[in-house]
Structures are given as structure tokens and as C-alpha cells.
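# Summary of the model geometry
Listed here are the chains, written in short residue letters.
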Amino acid sequence: MGITRNAFSLSVLVQGAQHSAEYYDSQIEAFLHNFGDQIAKMPEKELDSFKASLESALLRKDLTLMDRGVRYWDPIGKQLYNFSWNIDRVKALRTVTRKDLMKFYKERVLDPTTRRRLCVRMESQEEAKRGVSLVNPAVEGEIVKDLNAFRSQLREFSA
């Protein structure tokens, strides 16, 4: 999970040569749906434990000069310029309920009408020989051949 220019992101990296990119893509989608069910069924005590663990990590003191540098340079690199970002996240975390979490997850991760999805697939030479398709019919999309033309078509994302 990450944030860049006030846009949240979830990255999933899968590498494998046993199956096609289409297969791995379908497995990622299945995992995301299954994970939503796991969150919904998770006991309240376990959810509170995860929240406490995240809070502890966010409030951890800098142990090295490098940690301190990252704490200040990370917001600059993300163009946020909010150096109390971790404290703000902890305040927000303390108010989050399971209902809030599930609403966010359904809207921003699962719902294809409200999420943005970028899938980068690299085809092995073996797949090219077998004629494996890089397009997953279950997910609407297109293959981008000209990156600059693709970039010029994008509009800024509003969270």
C-alpha cells in the first residue's frame, strides 16, 4: 500500500513461469475478493491487534540517521510536505471502524467502476511461441503500445 500525490495505491507483484500472465491476473483478482471476505469475517479482537501493530510501527522512533532522513524526504518525494504524516495517520487509524474499512475496500479495491487499475504484464518468449494472450477477457482493458500517447490521454486522478 502506498500514497503518491494524495492517491492511494496497492501494488501486487507476481513473477512466475508456470502459468500465463492471464492466469496470474485472475488469481490476483480472486485473492482480492477473498481478502475482502477475510476482513469482513475477522474477529474484532484480531482487527484491533492489526490496528495496534500498525500504530506502533507508525509511532516508532527513528533508530538511525537514515530513518530520520527517510521520514523527512519521503513526504518531499511524494510532494505532500506534511512532516507529521505518521501522526495524522495514527489519528485517522484510531477512528476507523470495520464498516469504514469495508466501504473503502469495496469502493477502491473491488468495484471496477470506482477503482483504477494498471496491470503490467511481461510475456516470456515461451508464451509468445505458444500464442498465449496477454488480454484477460474477465477484465476490461487495452494493450498500450505507445506509452507517450497513453500518458497524453490520462486525466488527473481525484481521490
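Attention here is on the structure that accompanies the text. (Residues numbered from 1 in each chain as written. Predicted model: local features only at pLDDT ≥ 70, side-chain atom pairs only at ≥ 80, totals over all residues. Heavy atoms only, no water.)

## A few points about the side chain of Arg-115
- Along the chain, Arg-115 falls in the loop between helix H5 (98–110) and helix H6 (125–130).
- With a relative accessible area of 16%, Arg-115 lands in the buried category.
- When residues no more than four places from it in sequence are discounted, the contact partners of Arg-115 are Glu-29, Leu-32, Glu-107, Arg-108, Val-109 and Leu-110. (Helix = DSSP H or I, 4+ residues; strand = E, 2+ residues; numbered from the N terminus. Buried < 20%, exposed > 50% of the residue type's maximum accessible area, 1.4 Å probe, protein only. Contact = heavy atoms within 4.5 Å.)

## Focus on the packing of helix H1 (residues 21–41) against H5
- Look at H1 against H5: their axes get within 10 Å of each other, and the N-to-C directions meet at 170°. Taken together, the axes of H1 and H5 lie roughly antiparallel to each other. In this structure, H1 contributes Leu-32, His-33, Phe-35, Gly-36, Ile-39 and Ala-40 to the contact, and H5 contributes Arg-98, Leu-101, Met-102, Tyr-105, Val-109 and Leu-110. (Axes fitted to C-alpha atoms, helices over the stretch in contact; angles between N-to-C directions. Parallel < 35°, antiparallel > 145°, perpendicular 65-115°, else oblique.)

## What to know about the nonpolar core
- Among the nonpolar cores identified, the biggest contains seven residues, and these are Ile-28, Leu-32, Ile-39, Met-102, Tyr-105, Val-109 and Leu-110.
- Counting residues per element, the ones that place at least two in this core are H1 and H5.
- No other element matches the four residues that H5 contributes to this core.
- Setting aside residues no more than four positions away along its own chain, Ile-28 makes contact with Val-12 and Val-14. (Core = buried A, V, L, I, M, F, W, Y, C linked by side-chain atoms within 4.5 Å.)

Just distances and angles here, no functional claims.
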